Protein chains: 2
Amino acid sequence: MATQRIIDFLATRRPAGPCLVVDLDVVESNFGAFRKALPNSAIYYAVKANPAPEVLRLLAALGSSFDCASVAEIEMAMDAGATADRISYGNTIKKERDIARAFDLGVNLYAVDCVEEVEKVARAAPGAKVFCRVLTNGEGAEWPLSRKFGCVPAMAIDVLVYAQSLGLVATGVSFHVGSQQTDTEAWDAAIADASHVFRMLAEKGIVLTLVNMGGGFPTRYLKDVPSAEAYGRSIFGALSRHFGNRIPDTIIEPGRGMVGDAGVIKAEVVLVSRKSATDANRWVFLDIGKFGGLAETMDEAIRYPITTPRDGDRMEACVIAGPTCDSADVLYEKNPYPLPITLTVGDEVLIEGTGAYTTTYSAVAFNGFEPLRSYVI
Amino acid sequence: MATQRIIDFLATRRPAGPCLVVDLDVVESNFGAFRKALPNSAIYYAVKANPAPEVLRLLAALGSSFDCASVAEIEMAMDAGATADRISYGNTIKKERDIARAFDLGVNLYAVDCVEEVEKVARAAPGAKVFCRVLTNGEGAEWPLSRKFGCVPAMAIDVLVYAQSLGLVATGVSFHVGSQQTDTEAWDAAIADASHVFRMLAEKGIVLTLVNMGGGFPTRYLKDVPSAEAYGRSIFGALSRHFGNRIPDTIIEPGRGMVGDAGVIKAEVVLVSRKSATDANRWVFLDIGKFGGLAETMDEAIRYPITTPRDGDRMEACVIAGPTCDSADVLYEKNPYPLPITLTVGDEVLIEGTGAYTTTYSAVAFNGFEPLRSYVI
């Protein structure tokens, strides 16, 4: 996943300190793969995955729409060339003044998952379109999914009826099957739930038109993942099964699947040591850790591929940790990570598949370390 | 813990968005309590807990020394008025070029915990003083302590002998009993280990002079914690027990204990909802969460006191979550948090005991949200 362009950039520019390098060619290729896999779905890139202006400009030029979590993200997408009709305010938790600001900017599509949020949207964005997020079980996803977003389908019916009664346009249903979802069939149950909500609303005279199928499309870390094409086939099959010949408009919101494998973090080995003469594992300390961009190693959820200049030498399992004075800043300990026995202080390593959910997760100044730098090439 | 000065500041200034307000009078009072509790120990404030320039300037003026985790923190402490002889480079994981930079700045005291780090210090800071960190078991601490820092005492002996052989001054031993340590006796075993290392080194003709007893001093969250005086008595007792009438120079490194209760975060309720008509718990969403400064709610480790304008009304357990589109951004779910049943969108809440480990943990721009603002008064 370290493309030749990334390798050449690092070799030529020799940036100091840890940094992320993103290859736009990979982003473009991923966008093409999604478009081909789901030709009838609109692609709303999840800006939070990586809001680098270069990434947003490329995707805007390719025709992508944008799923935004905040007014700041809406402004970034518009600065990159997206018009307001290509933006979804996808966060179900919004301040009313932020909804008003988005509405002023022309945004007309809002996520809700309860009557309280509907009331805010009705006041601050009168007449706008809303979709209601429903809960899914998240099975098969590698990044922890909580019950934070969405409501049960029975409640979604009430929420959408209420929205319509307040003058909003009840436009559809959204769900998210969990990030880094490696089961291509995971969309089936949620699409079934969506079709149920469609039918119940139709009985009340409200015609829904949109299913927002969210993200969840994986990046290849250490294990192979299904292709975009495989997801497309499975999702199209589920839509046909549950909606018959009245397939609604659909949206997908790839974030990790769009930029994850486009980025590589260059890091440096700061220390290799053992805790005692008989310690089973070496400890390898890098100049990046959980607070410097690798937050998704929380609970060792995401296990990034790491390449070193010593690959080929004998491997031995290590604990990998970050550079801060925080004892929680340990990346892989419960399940130690094999690295070459010859790895030593000053070696540069490449942490692959790090294009998504790294730069923006980075702490602003923890232990005085600056946030992760990023180069988009 | 919201002092009148903080309450008045918030009432007068009405800052928009979530923010931390730190009352310097509380910091000064905490410094005085530590000085009184351990009059013979030097106080090295752990800069990482809160590096606000106003906090550092106050502590520098009061005579504090500084425990720094990086060159950036060393520079901040010196900018605040600390001379280099009042600075310890306390991170056991340092790049050699950072050691060299600290040495150029005049810093002469370095933490190590393995021979590899000793070699770096010997090359980059010839003749400097080093102390070796030993592992402790961390029992009684509320913030997770890993084996990340330190080595077993038997290895510490070798590390210090090696340091002396490379021209460094083997000066002592350090340890950390775990952050938010509520057991005043927790220092005893570590001080015993330190005295053992002192004796073994003395047999080899090396006279150690310093025990760095680290931090761990708690902030009061929901439960009462022992006073600084109680810690002082217990620690002095342990020093007397294990060192007899040859008590060495000692250092303490309070961070949380110095600034935790000096700060209060003002946040806003963005949404209150349920996931279904029969949901047992309400969900209360704030405009600050795990990625906006409350990282220490990871695994629900730290449970902050929260006050609301509706306190006194009937309470009901809630799930509390942050404002981002990340399903991991949930603060209290396994162990729901009682909040007034009348709490509603737009209410301002105060999250107390948040002066330490909040601003700098804050993500740089996750979901487009800006880092936590801070006001020091």
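The rules behind these values
Residues numbered from 1 in each chain as written. Chains lettered and ligands numbered in written order. Predicted model: local features only at pLDDT ≥ 70, side-chain atom pairs only at ≥ 80, totals over all residues. Heavy atoms only, no water. UniProt positions renumbered as here; feature names shortened; annotations may be inferred. Buried < 20%, exposed > 50% of the residue type's maximum accessible area, 1.4 Å probe, protein only. Helix = DSSP H or I, 4+ residues; strand = E, 2+ residues; numbered from the N terminus. Pairing = 2+ DSSP bridges. Right-handed = clockwise from strand over helix to strand, strands pointing away. Salt bridge = Lys/Arg side-chain N within 4 Å of Asp/Glu carboxyl O. Contact = heavy atoms within 4.5 Å. Buried area = accessible area lost by both parts, 1.4 Å probe. Polar contact = N/O pair within 3.5 Å; in protein donor to acceptor, adjacent residues only side chain to side chain. Domains from an automatic or database assignment. Nonpolar A, V, L, I, M, F, W, Y, C, P; charged D, E, K, R; others polar.

By the naming in an unreviewed UniProt entry, chain A goes by ornithine decarboxylase and is assigned to Aureimonas glaciei. UniProt lists a comment for chain A under the heading Pathway (unreviewed entry), and it reads "Amine and polyamine biosynthesis; putrescine biosynthesis via L-ornithine pathway; putrescine from L-ornithine: step 1/1." Under the heading Cofactor (unreviewed entry), UniProt records this for chain A: "pyridoxal 5'-phosphate".

**Here's the deal with the pairing of strand S6 (residues 129–133) of chain A**
Residues and elements named next belong to chain A. Across the five residues of S6, four count as buried, placing the element largely inside the fold. Pairing geometry for strand S5 (residues 109–112) and S6, over four bridges, is parallel. Each bridged residue has a counterpart across the sheet, and for valine 112 the counterpart in S6 is cysteine 132. Handedness of the S5-helix H6 (residues 115–124)-S6 crossover: right-handed. Sheet topology places S6 next to strand S7 (residues 169–174); five bridges connect them, and they run parallel. Across the sheet, phenylalanine 131 pairs through a bridge with glycine 172, a residue of S7.

**Quick notes on the pattern of salt bridges**
What the rule picks out here adds up to 46 salt bridges over all chains. Note that Asp287(B) is salt-bridged to Lys95(A), the shortest N-O span being 2.6 Å. Separated into two different chains, Asp287(B) in the loop between strand S11 (282–286) and strand S12 (306–307) and Lys95(A) in the loop between strand S4 (87–89) and helix H5 (96–104) make up a pair that spans both. The pair formed by Asp287(B) and Lys95(A) is uniform in burial state, with each residue classed as buried. For Glu348(B), the salt bridge identified is with Arg14(B), shortest N-O distance 3.3 Å. With Glu348(B) in strand S15 (residues 348–352) and Arg14(B) in the loop between helix H1 (4–13) and strand S1 (19–22), this residue pair connects regions lying 334 residues apart in the sequence. Glu348(B) gets classed as partly exposed once you look at its relative accessible area, which sits at 30%. One network of salt bridges, with partners in common, ties together Lys95(A), Arg97(A), Glu268(B) and Asp287(B).

**Notes on the interface of chain B and chain A**
Each side of the interface is counted separately: chain B has 73 residues, and chain A has 73 residues. Buried area between chain B and chain A, both sides added, is near 5500 Å², and the carbon and sulfur share of it is 62%. For chain B, the biggest contributors to the area lost against chain A are Lys148(B), Lys275(B) and Cys325(B); these three give 13% of the whole. In this assembly, chain B and chain A are joined by 12 salt bridges. Of the charged contacts, one joins Glu268(B) and Lys95(A) as a salt bridge, the two residues approaching to 3.8 Å between their closest N and O atoms. Seen at the junction of chain B and chain A, the total is 32 residue pairs in polar contact (both at pLDDT 80 or more). If you list the elements that add at least two residues to the side of chain B that touches chain A, you get helix H4 (71–79), helix H6 (115–124), strand S10 (263–273), S11 and strand S14 (330–340) of chain B. Top element by residues in the side of chain B that touches chain A is S10(B). It accounts for five residues.

**Focus on the domain arrangement of chain A**
Residues and elements named next belong to chain A. Per the domain assignment, the segments making up chain A are domain 1 (90–254) and domain 2 (261–376). A straight line from the C-alpha centre of domain 1 to that of domain 2 covers 35 Å. Domain 1 puts seven residues into the contact, and the matching count from domain 2 is 12 residues. Between domain 1 and domain 2, roughly 860 Å² of surface is buried when both sides are summed, and carbon and sulfur atoms account for 68% of that area. There are zero salt bridges connecting domain 1 and domain 2. Seen at the junction of domain 1 and domain 2, the total is zero residue pairs in polar contact (both at pLDDT 80 or more). Looking at the side of domain 1 that touches domain 2 residue by residue, the class counts come to four nonpolar, two polar and one charged.

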